[in-house]
Amino acid sequence: MKIGILGTGKVGVTLASKYAAAGHEVLVANSRGPESVLGVVSKIAESVTAATASEVVRCELVLLAVPWLKVPDVLSPSLTWEGRILVDTTNIYASYKQDLVVANLHGDFGSEIVARLAPDAHVVKAFNTLPFDVMFSPTPANMKRVLFIAGDDQAALKTIADLVAQVGLHPVAAGELAVAGRQMELGGPFSGLELFAAVRQESSA
Ligand SMILES: NC(=O)c1ccc[n+]([C@@H]2O[C@H](COP(=O)([O-])OP(=O)(O)OC[C@H]3O[C@@H](n4cnc5c(N)ncnc54)[C@H](OP(=O)(O)O)[C@@H]3O)[C@@H](O)[C@H]2O)c1
């Protein structure tokens, strides 16, 4: 699959590296143009390409991995998604580099804002409920770490569940954006919740 990633920070680079290793073609972009990403990309894999944001958003599946306050700039109304999948990895921090400051959404919810900014995309919320250092840290023997996903389109959820499994996590589809998406947001019951699923042992008989 051709996967586009908007953002080349912790989340973007980690997922670019893992999906390249899993055999996908990956395009990555930040806000400063492909030249500024070349140094990052050269350290990842040959199948990762530095691109412009407009090239990235034309990929079959796009991972949104930018700071929350940049989301309205990235999801410009001029973009058309035509049913492609947009994976929202964001958390609604107004600031997270030093002190953690949560943005005031005045009762609204992050993924629903994302879905309204990209009305013709199938939005799936994923990869946001745990810090990445935790998400990909070692697990107890015969266990996989659970990753919650939420979305309204069953085919998109199935695609993301498969991609989550490809990076060694155990996907749990928790429900629709307006229910589970809210529960995955900062302060919700799934935010920061670390669970493990037993890996099923296949019988050799
Ligand atoms: N880090 C974690 O453990 C973690 C876990 C779960 C969820 N998240 C969420 O995932 C998102 C990304 O987190 P992160 O830790 O990867 O952040 P980060 O390290 O600060 O990286 C953010 C990236 O977004 C890029 N960016 C900013 N504005 C952009 C624009 N207009 N177009 C394209 N790219 C743009 C930045 O590049 P330039 O500014 O250089 O262009 C940078 O590469 C955040 O919303 C965060 O809350 C993070």
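Here's what I pulled together on the structure shown here. Nothing here was measured: the structure is a model prediction, and the numbers come from that model.

## Regarding helix H1 (residues 10-21)
Helix length check: H1, at twelve residues, gives a terminal C-alpha distance of 17 Å against a target of 16 Å (1.5 Å per residue), a fit within 8%. Within H1, the full set of buried residues consists of Val11, Gly12, Thr14, Leu15, Ala16, Tyr19 and Ala20. Looking at the buried side of H1, the elements it contacts are strand S1 (2-6), strand S2 (25-29), strand S3 (48-50), strand S4 (61-64), helix H6 (132-135) and helix H7 (154-166). In the stretch just after H1, Gly23 is the one whose phi turns positive, near 100 degrees.

## Points about the site of the ligand
Around the ligand sit 25 residues, and of these Ser31, Arg32, Val66, Tyr96 and Phe132 come closest. Arg32 places a side-chain nitrogen or oxygen 2.6 Å from an oxygen atom of the ligand. Within the contact set of the ligand, an oxygen atom lies 3.4 Å away from a backbone nitrogen or oxygen of Thr89. For the ligand, the accessible surface in isolation is 890 Å², of which the surrounding protein chains cover 83%. Comparing atom positions with the cavity grids shows the ligand to sit within the largest pocket. Taken together, the residues of the shell around the ligand sort by class into twelve nonpolar, nine polar and four charged.

## A look at the packing of helix H5 (residues 110-117) against helix H8 (residues 177-184)
Two measures define how a pair of helices packs: the angle their axes make with one another and the distance between the axes. Across the interface, H5 lies against H8 with an axial gap of 8 Å and an inter-helix angle of 130 degrees. The angle between H5 and H8 falls in the class oblique. Judged by residue contacts, Ser111, Glu112 and Ala115 of H5 engage Leu177, Ala178 and Arg182 from H8. In terms of residue class, the contact of H5 with H8 is made up of three nonpolar, one polar and two charged.

## Considering empty space enclosed by the protein
Scanning all chains against the criterion turns up one cavity of 30 Å³ or more. Together, Tyr19, Leu61, Leu63, Val87, Phe127, Ile160, Leu163 and Val164 line the largest cavity. Elements represented by at least two residues in the lining of the largest cavity include exactly S4 and H7. Looking at the lining of the largest cavity element by element, the count peaks at three residues for H7.

## Re H7
The first and last C-alpha atoms of H7 sit 18 Å apart over 13 residues, in line with the 18 Å expected at 1.5 Å per residue. Taken together, the buried positions of H7 are occupied by Ala156, Leu157, Ile160, Ala161, Leu163 and Val164. The buried residues of H7 occupy an angular sector of 165 degrees when projected down its axis, which confines them to one face. Exposed residues pointing more than 90 degrees away from the buried face of H7 are listed as Gln154, Ala155 and Lys158. Looking at where H7 begins, the residue whose side-chain oxygen comes 3.2 Å from the main-chain nitrogen of Ala155 is Asp153. Remark: Gly168 follows H7 within two positions and exhibits a positive phi of approximately 85 degrees.

Rules and cut-offs
- Residues numbered from 1 in each chain as written.
- Predicted model: local features only at pLDDT ≥ 70, side-chain atom pairs only at ≥ 80, totals over all residues.
- Heavy atoms only, no water.
- Helix = DSSP H or I, 4+ residues; strand = E, 2+ residues; numbered from the N terminus.
- Expected span 1.5 Å × (residues − 1).
- Buried < 20%, exposed > 50% of the residue type's maximum accessible area, 1.4 Å probe, protein only.
- Contact = heavy atoms within 4.5 Å.
- Near = heavy atom within 4 Å.
- Polar contact = N/O pair within 3.5 Å; in protein donor to acceptor, adjacent residues only side chain to side chain.
- Areas by Shrake-Rupley, 256 points an atom, 1.4 Å probe, with all protein chains shown as cover.
- 1 Å grid on protein atoms, 1.4 Å probe; cavity = no way out; pocket = protein on both sides within 12 Å on 5 of 7 lines; lining within 4 Å.
- Sits in = over half its atoms within 2 Å of the grid points.
- Nonpolar A, V, L, I, M, F, W, Y, C, P; charged D, E, K, R; others polar.
- Axes fitted to C-alpha atoms, helices over the stretch in contact; angles between N-to-C directions.
- Parallel < 35°, antiparallel > 145°, perpendicular 65-115°, else oblique.
- Points joined across faces, edges and corners; volume = space filled by probe spheres on them.
- Arc of directions from axis to C-beta.

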